[in-house]
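# Structure at a glance
In case you want the letters, here they are:
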Protein chains: 2
Amino acid sequence: MDANKGKGDQGMQNPSGQMDRPVSFHFLESMLPKAVKRRVHALKRLQVQCANIEAKFYEEVHDLERKYSALYQPLFDKRRDIVTGTVEPTDEECEWHSDREEEEELAEEVKEKAAIEDAKKEEATPEEDPKGIPEFWLTIFKSVDMLSDMLQEHDEPILKHLKDIQVKFSEPGQPMSFTLEFHFEPNGYFNNAVLTKVYKMKSEPDASDPFSFEGPEIIDCEGCQIDWHKGKDVTVKTIKKKQKHKGRGTVRTVTKQVPNDSFFNFFNPVKASPDGEMDEDSEFTLATDFEIGHFFRERIVPRAVLYFTGEALEDDESFEEEELEEGDEEEQDEEGDEDEDDDGDFDPKA
Amino acid sequence: MDANKGKGDQGMQNPSGQMDRPVSFHFLESMLPKAVKRRVHALKRLQVQCANIEAKFYEEVHDLERKYSALYQPLFDKRRDIVTGTVEPTDEECEWHSDREEEEELAEEVKEKAAIEDAKKEEATPEEDPKGIPEFWLTIFKSVDMLSDMLQEHDEPILKHLKDIQVKFSEPGQPMSFTLEFHFEPNGYFNNAVLTKVYKMKSEPDASDPFSFEGPEIIDCEGCQIDWHKGKDVTVKTIKKKQKHKGRGTVRTVTKQVPNDSFFNFFNPVKASPDGEMDEDSEFTLATDFEIGHFFRERIVPRAVLYFTGEALEDDESFEEEELEEGDEEEQDEEGDEDEDDDGDFDPKA
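Please read all numbers here as calculations on a predicted model, not as lab measurements.

Let us look at the pairing of strand S1 (residues 162–169) of chain B. The two faces of a sheet get side chains in turn, since along a regular strand they alternate between them. Residues and elements named next belong to chain B. Counting buried positions along S1 yields six of eight residues, so the element is predominantly enclosed. As paired elements, S1 and strand S2 (residues 177–184) share seven bridges and run antiparallel to each other. Bridge pairing in S2 links Lys168 to Thr179.

Spelled out as structure tokens, the structure:
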């Protein structure tokens, strides 16, 4: 049932409803007789107690999530084995019924499209039976805007070696957190078998603003050291710069390493400063990082195959479009950052 | 931390990300070698199993909600007693500290506004110490667009007698549902002490589309019979109509009762047809009703005081604006419905 249309139907009956709304709660409270204002404050104190109970509720939900992740794990392991080709599913395991209306339609479309495609098939798929599901995770990275936005061409050959992504929850009694584990097969780029990103969460009302509490939120994250093979680190690039000797004025060319765009910067995030003092850019970057961590945990890992086939993309589309528009606005800033001439250790007037 | 800006910052790095997305999953699947497509189908079967486990997870979350509603209840009872004036909170219970930065600012604003308002105070609040918190729930109904949209002038005197709204969850083992209880003090309009609205929920993947499962959803609702005092039923209005005798052509005036806009129609909802065959209007209306039921349960009842003061309104604002726009579009349909001349049992050509 379409909720938006529903909202419309309801919005209709009294479009001027907004008029009735108090200008602001300070205003309304200031209008109240002392005795009543006093009682409202009592209700607010009760509301703070509610927020604290709510925090406990979300901790128990987190425990439930931990319990259920154990129930999902065998299915996810099976997924990994099929993706990597370690296991070949039986015919029964591969039966995908089309006995339901919807799916029959899909099946039809598939056949038509397949027919059209059959010609190209050869070059599209040189080898008729590759191992497992080739480029399973890379395809997902390319399909999901939030990830493709981070993805650089030089990341793609590396991500072809990504075998699995897992979510691990913190142990009972430990501070609330979850860890994203990126499992790689042996590859020519780094020695790590697993790259990890830990997201620390908080499930308690903010003392300064208890009413804004809406459940656990990510408050910090931690990456990991990538043990790159020599010259394989895609997160840095070497640039040549002319340097003028302050005294003699002679000019020499030096090479230096500067940060390079790459998905693998995901494992070297900005540090959230405890005092909350951060420049806007870092704040944006960190907020984005939190979004992505949450998206891996909530959507990508639990339903990877639907992102591989594209079935899950429709749901997230509107959200992603939003994302892109804003992305365009931001573009200039980034170019600014990449501008080498701003580099401090070179002084033209000397 | 501003997530949207974050998204922007991220959207920037590769605005063309969308290009990489497969046109459609039927298309992509049709491109895959048979052996690979077969494995993808195996993953889809695993994904269906995940959806079924997820359904169990949400049932356990529902149990948790039931458990916690018992923990909230004493606080909500206290709220009711303060609102109705049955209990006068102690000074300690009314202490509302302004020792935190944010709140000090608020306090300042309050003082200023209060000063401005002091003059008007007398007429604004004739009686300096009313009982409890007068019009607590009515104020909320007027403040929240989703509710004020249903509210009619003739509903307001009735809602002044609303003492409390409670949410009751279905018993363990029973089908998942929740009941909204509207508790009224004795009043001159109807005999019911409590008006109820039951929302039935479903927490299992739809067989025809298991991947769209995102947790429990409301599937049906049931109102209650309101035992109106004679002539007090605001959900109907009496209209006069001229009626021409088919044979003799004499004209007489008859009065008939027709439905009337009122919040209290909330307790006489459209029936969801089991086969899902419904006309658009009814579908809209029902979708809206589900929205409202959910909103009462999730927002209004748990944090009523914040809607009374307006503190909670900012959060919902964007959502409500959306709502209003769509509402305007719909307006004509409604006027159509209210047009009495369309009435069937009067035939001008006879």
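Let us now look at the nonpolar core. With 143 residues, the main nonpolar core has A:Phe182, A:Phe264, B:Phe182 and B:Phe264 as its most contacted residues. Apart from residues no more than four positions distant in its own chain, A:Phe264 is found in contact with A:Asp155, A:Ile158, A:Leu159, A:Phe184, A:Phe190, A:Leu195, A:Ile226, A:Trp228, A:Val234 and A:Thr235.

Before going further, it helps to examine the sheet that holds strand S2 (residues 177–184) of chain A. In a beta sheet, neighbouring strands are held together by backbone hydrogen bonds and run either parallel or antiparallel to one another. Residues and elements named next belong to chain A. The strand order S1-S2-S3-S4 describes an open sheet built from four strands, whose pairing is antiparallel. With partners counted over all chains shown, the strands left at the sheet margins are strand S1 (162–169) and strand S4 (217–222), one partner each. Across the sheet, the mean angle from the axis of one strand to that of its neighbour is 20°, orientation sign disregarded. Along the sheet, helix H3 (residues 34–84) makes contact with S1, S2 and strand S3 (194–202), crossing S1 at roughly 170°. Packed onto the sheet, helix H6 (residues 136–143) meets S1 and S2 and runs at close to 75° relative to S1.

Residues and elements named next belong to chain A. With 72% of its residues at a pLDDT of 70 or more, chain A has an overall mean of 80. A low-confidence stretch, residues 1–23 (pLDDT under 50), is modelled with 69 contacts involving residues beyond four sequence positions or located in other chains. Below pLDDT 50 for its whole length, residues 318–350 participates in 52 contacts with residues either more than four positions away or in separate chains. Reported confidences for the modelled complex are a pTM of 0.76 and an ipTM of 0.76.

Below, the discussion takes up the pattern of salt bridges. Applying the stated rule across the entire model yields 40 salt bridges over all chains. When the shortest N-O distance is used, the salt bridge between A:Glu65 and A:Arg297 registers 2.7 Å. Residue A:Glu65 is located in helix H3, and its partner A:Arg297 is located in helix H9 (residues 280–300); the two are separated by 232 residues in the primary sequence. Residue B:Asp63 is joined to B:Arg66 by a salt bridge in which the shortest nitrogen-to-oxygen separation is 3.0 Å. Placement of both B:Asp63 and B:Arg66 in helix H3 (residues 34–84) is noted, with a separation of three residues, approximately one turn of the helix. Through salt bridges that share partners, A:Arg38, A:Arg39, B:Glu88 and B:Asp91 make up one connected network.

All names here are of chain A. Positive phi is not limited to glycine here, since Glu135 has a value of about 55°. With respect to the helices and strands, Glu135 occurs in the loop between helix H5 (101–124) and H6. A relative accessible area of 34% means that Glu135 is categorised as partly exposed.

Before going further, it helps to examine the sheet that holds S1(B). Residue and element names in this part refer to chain B. The antiparallel open sheet is built from four strands, whose spatial order is S1-S2-S3-S4. Bordering the open sheet on either side are S1 and strand S4 (217–222), each of which pairs with just one other strand. In this sheet, adjacent strand axes meet at a mean angle of 20° when their direction is disregarded. Relative to S4, strand S3 (residues 194–202) is paired through five bridges, and the arrangement is antiparallel. Paired with Lys202 across the two strands is Glu217, which belongs to S4. In this fold H3 packs onto S1, S2 and S3, with an angle of close to 170° to the strand it touches most, S1. Its contacts with the sheet place helix H6 (residues 136–143) against S1 and S2, and it is angled at close to 75° to S1.

In this section: the environment of B:Gln152. Residues and elements named next belong to chain B. Within the secondary structure, Gln152 is located in the loop between helix H7 (145–148) and helix H8 (156–159). With a relative accessible area of 17%, Gln152 lands in the buried category. Once the C-alpha coordinates of Gln152 and Phe263 are considered, the two residues, 111 residues apart in sequence, prove to be 6.8 Å apart.

Turning our attention to H3(B). Under the 1.5 Å per step criterion, the end-to-end length of H3(B) is 70 Å for 51 residues, consistent within 8% with the ideal 75 Å. At B:Tyr72, H3(B) shows its maximal kink, close to 40°; a proline, B:Pro74, follows between one and four residues later.

Residue and element names in this part refer to chain A. Under the criterion given, the structure shown has 54 aromatic pairs over all chains. Considering the side-chain rings of Phe178 and Tyr199, the 5.2 Å spacing of their centres and the 20° angle between planes classify their relative orientation as stacked. Here Phe178, found in strand S2, pairs with Tyr199, found in strand S3; they are 21 residues apart in sequence, far enough to count as distant. Assigned by exposure class, Phe178 and Tyr199 land together as buried. Over the ring of Phe178 we find Arg297, and its NZ or CZ is 5.1 Å from the ring centre.

Another point: the environment of B:Val301. All names here are of chain B. If you trace the backbone, Val301 turns up in the loop between helix H9 (280–300) and helix H10 (304–309). Along the chain, Val301 and Ile165 lie 136 residues apart, while their C-alpha atoms are 6.4 Å from each other. Once you skip the residues sitting within four places of it in the chain, Val301 turns out to touch Phe76, Arg79, Ile165, Val167 and Phe296.

The next point concerns a negative patch on the surface. All names here are of chain A. There is a patch of like negative charges on the surface, built from Glu59, Glu204, Asp206 and Glu217. Turning to its location among the elements, Glu59 is positioned in helix H3. On the accessibility criterion, Glu59 (34% relative accessible area) is partly exposed.

Conventions we followed
In this convention, every chain numbers its residues from 1, walking through the sequence in written order. As they are written, the chains are lettered A onward and the ligands numbered 1 onward, keeping that order. Residue-level local features of this predicted model are given only where pLDDT is at least 70; pairs of side-chain atoms are given and counted only at 80 or more, and the full residue set underlies all totals for whole chains, interfaces and linings. With hydrogens and water set aside, each side-chain value is computed from the structure's full complement of heavy atoms. Buried residues are those whose accessible area, probed at 1.4 Å on protein chains only, stays under 20% of the maximum for their type, while exposed residues exceed 50% and partly exposed ones sit between those limits. Secondary structure elements follow DSSP: runs of H or I no shorter than four residues count as helices, runs of E no shorter than two count as strands, and numbering proceeds from the N terminus. Any two strands are treated as partners once DSSP identifies two or more bridges connecting them. We call a set of buried residues a nonpolar core when its members are Ala, Val, Leu, Ile, Met, Phe, Trp, Tyr or Cys and they connect through side-chain atoms within 4.5 Å of each other. Only heavy atoms enter the contact rule, under which two residues are in contact if any of them lie within 4.5 Å. Angular values range over 0 to 180 degrees, each being the angle between N-to-C directions of two axes fitted as lines to C-alpha atoms, with helices fitted over their stretch in contact. Values of pLDDT, ranging from 0 to 100, describe the predictor's confidence in every residue of the model. Salt bridge, as used here: a side-chain nitrogen of Lys or Arg that lies within 4 Å of a carboxyl oxygen of Asp or Glu. One fewer than the residue count of a helix, multiplied by 1.5 Å, yields its expected span. One fitted axis covers the seven residues ending at a residue, a second covers the seven starting there, and the bend at that residue is the angle between these axes. Pairing of aromatic rings covers Phe, Tyr and Trp, the last through its six-membered ring, and needs centres within 6.5 Å; plane angles under 30 degrees mean stacked, over 60 mean edge-to-face, and all others mean tilted. Note on criteria: charge over ring means Lys NZ or Arg CZ within 6 Å of the ring centre, with the direction from the centre no more than 35 degrees off the ring normal. Each patch is built from residues lacking any salt bridge and having more than 30% relative accessible area; the joining distance is 9 Å for like charges and 5 Å for nonpolar side chains (Val, Leu, Ile, Met, Phe, Trp, Tyr). Methods summary: accessible areas were calculated by the Shrake-Rupley approach with a probe of 1.4 Å, and residue burial reflects only the protein chains presented. We treat Lys and Arg as the positive residues and Asp and Glu as the negative residues; His and chain ends play no part in the count. Where a charge sits is defined by one atom per residue type, namely NZ (Lys), CZ (Arg), CG (Asp) or CD (Glu).

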